[in-house]
Amino acid sequence: MELPGTPLDWIEPIVGAERTETVRDTLRGVCELLDGRTVWHISDNPVRGGVAELLRANLPCLAGEGISTRWAIIGGPPEFRAFTKSLYYRLCGVAPGAKAADLERGRRMYERICAETAARLVPAMGRRSIVVLHDHQTAGLIPHLREAGCTVLWRVHVGTALREDLAAPGWEFLYRYISSAHCHITSYPGVLPAGPPAVDRRVVQPSIDPLSPKNIPLRPDADPSRLLAGAGLIEEAGGAPRGRHALTDLLVRHPARVVRAGGPAPAGAPLVTQVSRWDRVKDVPGVIRGFAEYVDPAFGAHLMLVGPDTRGDRQAEQVFAECRQAWEDLGPRGRRVHLVQVPTDNRSEHALTVNAVQRHSAVVIQKSLAEGFGLTVSEAAWKGRPVVAAPVGGIREQVEHGTTGLLLSDPRDLRGLGEAVNRLLSDRDYARELGRNGHQRVLRRFLTDSSVLGFARVLADAAQRYQ
Ligand code: UDP
């Protein structure tokens, strides 16, 4: 798809004229170096997860400053999606017991889909294009695009696994493709394991878009708690009937699907939340158990695990069932836990609901077992929320322990999770301070202009070195 351009002026009031001008200047230079070449991005889907979020925010800025930019989706049948999901779990080291032979069995099908996709795209691209392939789903296209004469950058968004030995078969599966890319781009240093391939490496940290529906300030126009009441997640303050507020009805019309023991959370109850796809890497069952076992019930806090609607996504449905089981296993101790699926039919309504959840949270958790970056951490910090997070991958770049949030000593430390949440629920001043510092850190390092600048520098390099 061709992208509508959005010149960078919109970000200037937030990050200042100097920063904005640096990006503009750099992009002007890149345009000259590219000399009319188009930059293509290929990823696995246009909607779900951090990669889609990032591309939706960054690509219009590049296009808006004159870089011919296209975005295509690899798609693929259900067996391709199932295979790439299992490959992803291996790269993240959350597929214990998996054997390299299982991957080999899927190789032919993986290569066939990649070859078909390349055959579809190459005629539109032409030899001079620069192509950025995102993640393992698209890695199999690299040799085809090299053969077609393109400059190929492989952008990997996954993070290092806790146990590299569990991830090794996944990386070995990918080596034969990724070793022919011109350059590898990661979200933080040290993602790619040592050993082959000897390819140039660059780091570009992702970012969040401060004016997207996901992050836009809601007050004073819309009170997050009203939006959440509109979605059926918390009780309407004052007991007013749902739908009473015209604004709420306008913005959030569709109730979320919720698994819980009673009704919505009381309007005044502190909310502890994790927003994530239904994916094993996010360890939602661990969050549920840590909350039930170690968060002091005296705070009256409710836990909300918030993710997208699983309908039509078999792998997500499976993980959701596992989360539901973890909740059912708690019995009465799970009565303040809510599993929430936010409808995805209307993209901005979905984003607005997530925005309201994050803003209304007393504490935001991100207890991933591996993470390339973890945009949800910056999203929460930008909203001034204190974050409790696992010390993995790109999360460590975002959270300065004790200053902008609290990092667990180990991602599987449930007691530590509960204690960190208790601390923030009991010391609201400290929680506010972490939130304020977190916001400043995101402003300095993780807004759209920063990642556009980082990517522009890689493009400048690519245009000069890889022809
Ligand atoms: N997200 C969302 N709705 C959900 C769950 C997640 O819009 O129900 C968004 C979340 O706000 C973030 C992105 O999906 O922008 C997830 O990115 P992250 O880097 O945290 O993790 P990934 O999904 O890429 O592993």
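In what follows, the structure referred to is the one given above.
Numbers given to residues run from 1 along each chain, matching the order in which its sequence is written. Whole-chain, interface and lining totals are the exception, using all residues; otherwise, since this is a predicted model, local features are given only for residues with pLDDT of at least 70 and side-chain atom pairs are given and counted only at 80 or more. Based on all heavy atoms of the structure, the side-chain values leave hydrogens and waters out of the count.

### Notes on the overall build of the protein
Inclusion rule: Helix and strand definitions follow DSSP, with helices as H or I runs of at least four residues and strands as E runs of at least two, each counted in order from the N terminus. Note that the radius of gyration is over C-alpha atoms, with the globule rule given as 2.2 Å times the number of residues to the power 0.38. Three labels apply to residues, based on accessible area from a 1.4 Å probe with only protein chains included: buried if under 20% of the type maximum, exposed if over 50%, partly exposed otherwise in between. What makes two residues a contact is simply this: any of their non-hydrogen atoms within 4.5 Å. For the area figures, the Shrake-Rupley method with a 1.4 Å probe applies, and any residue is considered shielded solely by the protein chains shown.
A tally of regular secondary structure across the protein gives 18 helices and 13 strands. Against the compact-globule benchmark of 23 Å for 467 residues, the protein has a radius of gyration of 22 Å, which places it among compact chains. Projecting the C-alpha coordinates of the protein onto the three principal axes gives extents of approximately 65 × 55 × 40 Å. Burial status across the protein gives 59% buried among its 467 residues. Across the protein, every contact between residues at least 6 apart in sequence was considered, and the portion connecting residues at least 24 apart equals 73%. Carbon and sulfur atoms make up 49% of the accessible area of the protein, which totals about 18,700 Å².

### What about the site of the ligand?
Going by this rule: Here, proximity means that at least one heavy atom of the residue falls within 4 Å of the molecule or strand. Pairs of N or O atoms within 3.5 Å make up the polar contacts considered here, provided that, within protein, one atom can donate a hydrogen while the other can accept it, and that residues adjacent in sequence are counted only when both atoms are side-chain atoms.
Looking at the ligand, there are 17 residues lining it, with Gly 50, Arg 277, Lys 282, His 350 and Glu 379 nearest. With respect to the ligand, the backbone of Gly 50 contributes an N or O atom lying 2.7 Å from an oxygen atom. Taking Pro 308, its main chain carries an N or O atom lying 2.9 Å from an oxygen atom of the ligand. For the shell around the ligand, the elements supplying multiple residues, two or more each, are helix H3 (49-64), strand E9 (302-308), helix H13 (347-360) and helix H14 (375-382).

### Quick notes on the sheet that holds strand E11 (residues 361-366)
How we decide: Here, a strand pair is defined by DSSP locating no fewer than two bridges between the strands. For every element, the axis is a line fit to its C-alpha atoms; helices are fit only across the contacting stretch, and the angle between N-to-C directions ranges from 0 to 180 degrees.
On the basis of which strands lie adjacent, the open sheet formed by seven strands has the order E7-E10-E9-E8-E11-E12-E13 and mixed pairing. Looking at the sheet topology across the chains shown, the edges are occupied by strand E7 (257-259) and strand E13 (405-407). Strand-to-strand twist across the sheet, computed as the mean angle between neighbouring axes with direction ignored, equals 20 degrees. Sheet analysis places E7 next to strand E10 (residues 337-342), joined by three bridges and oriented antiparallel. Its bridge partner lying in E10, Arg 257 is registered against Gln 341.

### Quick notes on helix H12 (residues 314-330)
Note the cut-off: In a helix, the anticipated span is given by 1.5 Å times the number of residues less one. What the arc measures is the spread of directions leading from the helix axis to the C-beta atoms.
The end-to-end C-alpha distance of H12, which contains 17 residues, comes to 25 Å, matching closely the 24 Å that a straight helix rising 1.5 Å per residue would cover. Among the residues of H12, those classed as buried are Ala 316, Val 319, Phe 320, Cys 323, Ala 326, Trp 327 and Leu 330. All buried residues of H12 project into a common sector of 115 degrees when viewed along the axis, lining one side. Looking at H12, the residues exposed on the side facing more than 90 degrees away from the buried face are Arg 314 and Asp 329. Following H12 by one or two positions, Gly 331 adopts a phi angle in the positive range, close to 60 degrees.

### Considering the nonpolar core
The cut-off we apply is this: What we call a nonpolar core is a set of buried Ala, Val, Leu, Ile, Met, Phe, Trp, Tyr and Cys residues that are connected through their side-chain atoms within 4.5 Å.
Counting residues in each nonpolar core, the largest one holds 80 residues, and the members touching the most others are Trp 154, Trp 171, Leu 174 and Ile 288. A total of eight residues in this core trace back to one element, the largest contributor, which is helix H5 (residues 100-125). Discounting chain neighbours no more than four positions away, the residues touching Leu 174 are Leu 87, Leu 91, Tyr 110, His 136, Ala 139 and Trp 154. Counting residues in each nonpolar core, the second largest holds 41 residues, with Ile 185, Val 452, Leu 453 and Leu 459 among its members.

### Let's talk about the packing of aromatic side chains
Worth spelling out the cut-off: Only rings of Phe, Tyr and Trp enter the pairing, Trp through its six-membered ring, and a pair is recorded when the two centres are within 6.5 Å. The plane angle decides the type: under 30 degrees is stacked, over 60 is edge-to-face, the rest tilted.
On inspection of all chains with the given rule, the structure shows ten aromatic pairs. Relative to Phe 320, the ring of Trp 278 lies with its centre 4.8 Å away and its plane at 85 degrees, an arrangement referred to as edge-to-face. Here Trp 278, found in the loop between strand E8 (271-275) and helix H11 (284-294), pairs with Phe 320, found in helix H12; they are 42 residues apart in sequence, far enough to count as distant. Like Trp 278, the residue Phe 320 is buried in the burial classification. Of the aromatic side chains, those joined through ring pairs into one cluster are Phe 80, Phe 83, Tyr 110, Phe 173 and Tyr 177.

### Brief notes about the pattern of salt bridges
What counts is decided by this rule: Salt-bridge detection follows one rule: a side-chain nitrogen of Lys or Arg within 4 Å of a carboxyl oxygen of Asp or Glu.
What the rule picks out here adds up to 30 salt bridges. A salt bridge links Arg 81 to Asp 44; its shortest N-O distance comes to 3.2 Å. A residue pair is termed long-range when its members are at least 10 positions apart, and Arg 81 in helix H4 (residues 78-91) and Asp 44 in the loop between strand E1 (39-43) and H3 qualify at 37 residues. For Asp 44, a relative accessible area of 18% puts it in the buried group.

### A short note on the side chain of Thr 20
Counting through the fold element by element, Thr 20 comes out in helix H2 (residues 17-34). Apart from residues no more than four positions distant in its own chain, Thr 20 is found in contact with Leu 8, Ile 11, Glu 12 and Val 15.

### A few points about the sheet that holds strand E3 (residues 130-134)
Pairing is parallel in the open sheet, where six strands are placed in the order E2-E1-E3-E4-E5-E6. Lying at the two open borders of the sheet, with one neighbouring strand each, are strand E2 (69-73) and strand E6 (200-203). Averaged over neighbouring strand pairs, the angle between their axes works out to 25 degrees when direction is ignored. Of the strand pairs in this sheet, strand E4 (residues 151-155) and strand E5 (residues 183-186) are connected by three bridges, and their pairing is parallel. In the strand pairing of E5, Trp 154 is matched with His 184.

### Some details on the packing of H5 against helix H8 (residues 164-178)
Stated formally: By convention, the crossing between two helices is left-handed when the near helix turns anticlockwise from the far helix through less than a right angle, and right-handed when the turn is clockwise. Gly falls in the polar group here, along with every residue not listed as nonpolar (Ala, Val, Leu, Ile, Met, Phe, Trp, Tyr, Cys, Pro) or charged (Asp, Glu, Lys, Arg).
Relative to each other, H5 and H8 sit at 30 degrees, their axes nearing to 10 Å. Seen from above, H5 lies across H8 with right-handed handedness. Listed contacts from H8 to Ala 100, Leu 103, Glu 104, Arg 107, Tyr 110 and Glu 111 of H5 are Pro 169, Gly 170, Glu 172, Phe 173, Leu 174, Arg 176 and Tyr 177. Among the residues forming the contact of H5 with H8, the class breakdown is seven nonpolar, one polar and five charged.

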